[in-house]
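A closer look at the structure
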Amino acid sequence: MKSDCMQTTICQERKKDPIEMFHSGQLVKVCAPMVRYSKLAFRTLVRKYSCDLCYTPMIVAADFVKSIKARDSEFTTNQGDCPLIVQFAANDARLLSDAARIVCPYANGIDINCGCPQRWAMAEGYGACLINKPELVRDMVKQVRNQVETPGFSVSIKIRIHDDLKRTVDLCRKAEATGVSWITVHGRTAEERHQPVHYDSIKIIKENMSIPVIANGDIRSLKEAENVWQITGTDGEEKKMTLQWAAVATFLYAEIGLILIFCLPFIPPQRWQKIFSFNVWGKIATFWNKAFLTIIILLIVLFLDAVREVRKYSSVHTIERSSTSRPDAYEHTQMKLFRSQRNLYISGFSLFFWLVLRRLVTLITQLAKELSNKSVLKTQAENTNKAAKKFMEENEKLKRILKSHGKDEECVLEAENKKLVQDQEKLKTELRKTSDALSKAQNDVMEMKMQSERLSKEYDQLLKEHSELQDRLERGNKKRL
């Protein structure tokens, strides 16, 4: 193992934790480990073009530990070659920890290659076959953590994805719980070579992790690196407030401003009602209920997502706090927990103030209507009081007039009553006379009726006698003939 001036001077950058770069909020540019290329000369070249972190080519840990010749040929460095990560291919925890102890004075960390798809590597139990052996990966990480006591020394892994992405997420969670500093994800399966990289899978993995995730695969330029960074959300992108949460925060500030304006004491509710009665509000009112419900649903979804994030990072926080070997991961988890709590408060208060704002507008409108009705009722009451006072005054005048003319009216009334009594007596006398005449007339009618009946009987008898005489006369004439 060769190094320029390493025996006397160690680069001060090696004392720094590389994970701090992922917390900067900027794109972290990483030179991936490439067979036969990522040697010292190549690393020195790419660092001149603002490369943030460099890897060595993959080194077989067993050969590195057992052979001085292998160490001298495979690993060379100098004072400016930092920060530096040494990548090992290993399938034995003890050999990997021994290799890590050898390089720890000259590097910032090691990386376990769990993503090499070459047949020889997988045949030896290295590379991509390790993604199906999470227990072995866990043991190797723990062994390195226990054997290397250098503060800030990182232990990371590089993996490929499974056909079933749930297995990859499960592997990453187990690695995170074990104590890896970060995970590099190559967005292809072990069987894929030149197929398109599954950046969407890397994004899903990143969303389920609290530790940094590095995206790898088909990134050949800075522009492509920036695009992948935006697509996957890896390497410190989570440090900045995302657009959706910035919009929600702005919405929250707008709600608070409107509520404060509505609560200004020198603007009466009637003035707000006049403002609400503008034509523009009438046009907006047709879409108001739909917009209100849509915003409610969006805020509820964001609130539930923030609750999920808080629960996730709270549980990870408990795990990381118990790990004394990874204070950097503990701080990183604390930072993400703080952001998730911030998002929870923003979405929760936005939802609360949105409901308060709706209710406040309703109450202002109702209060304005009540005040208008009160003024109308007050006017009506005043008019009614005036009319009542006027009526009472007129009533008092009538009472005084009646009192002044009361005696004369009593005399007139007594005279009229006497006259009415006399007229009543006269009418009674005339009525008796009329009733007597009527009864007499009725008697005369009865007598005439009786006479008429007697005359009719006598007439009938005469007719009978006349008919008998005619019969006799006719019989006499017949006899004569």
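Structure shown above.
Residues numbered from 1 in each chain as written. Predicted model: local features only at pLDDT ≥ 70, side-chain atom pairs only at ≥ 80, totals over all residues. Heavy atoms only, no water.

Time to look at the packing of aromatic side chains. For the structure shown, the criterion picks out 6 aromatic pairs. Seen from their ring centres, Phe349 and Phe353 are 6.0 Å apart, and the 25° between their planes marks the pair as stacked. Linking Phe349 with Phe353, this pair stays in helix H14 (residues 327–404), spanning 4 residues, or about one helical turn. What makes Phe349 partly exposed here is its relative accessible area of 43%. Ring-pair connections join several aromatic residues into one group, and the members of that group are Phe251, Phe292 and Trp354. In this arrangement the basic side chain of Arg358 is found over the ring face of Phe292, its NZ or CZ atom lying 4.4 Å from the centre. (Phe/Tyr/Trp six-rings, centres within 6.5 Å; stacked < 30°, edge-to-face > 60°. Helix = DSSP H or I, 4+ residues; strand = E, 2+ residues; numbered from the N terminus. Buried < 20%, exposed > 50% of the residue type's maximum accessible area, 1.4 Å probe, protein only. Lys NZ or Arg CZ within 6 Å of the ring centre and 35° of its normal.)

What follows concerns the nonpolar core. By size, the foremost hydrophobic cluster in this structure holds 49 residues, and its most contacted members are Phe88, Ile110, Ile157, Ile159 and Ile183. Discounting residues that sit within four places of it in the chain, Ile159 has contacts with Cys114, Gly115, Ile131, Thr168, Leu171, Cys172, Ile183, Thr184, Val185 and His186. Of all hydrophobic cores here, the second largest spans 21 residues; its members include Val248, Leu299, Ile346 and Leu351. (Core = buried A, V, L, I, M, F, W, Y, C linked by side-chain atoms within 4.5 Å. Contact = heavy atoms within 4.5 Å.)

Here we take up helix H2 (residues 40–47). Of the positions making up H2, those classed as buried are Leu40, Arg43, Val46 and Arg47. On an axial view of H2, the arc spanned by its buried residues comes to 130°, and they lie on one face. As for H2, its buried residues are in contact with strand S2 (30–31), strand S3 (53–55), strand S5 (76–77) and strand S6 (84–89). (Arc of directions from axis to C-beta.)

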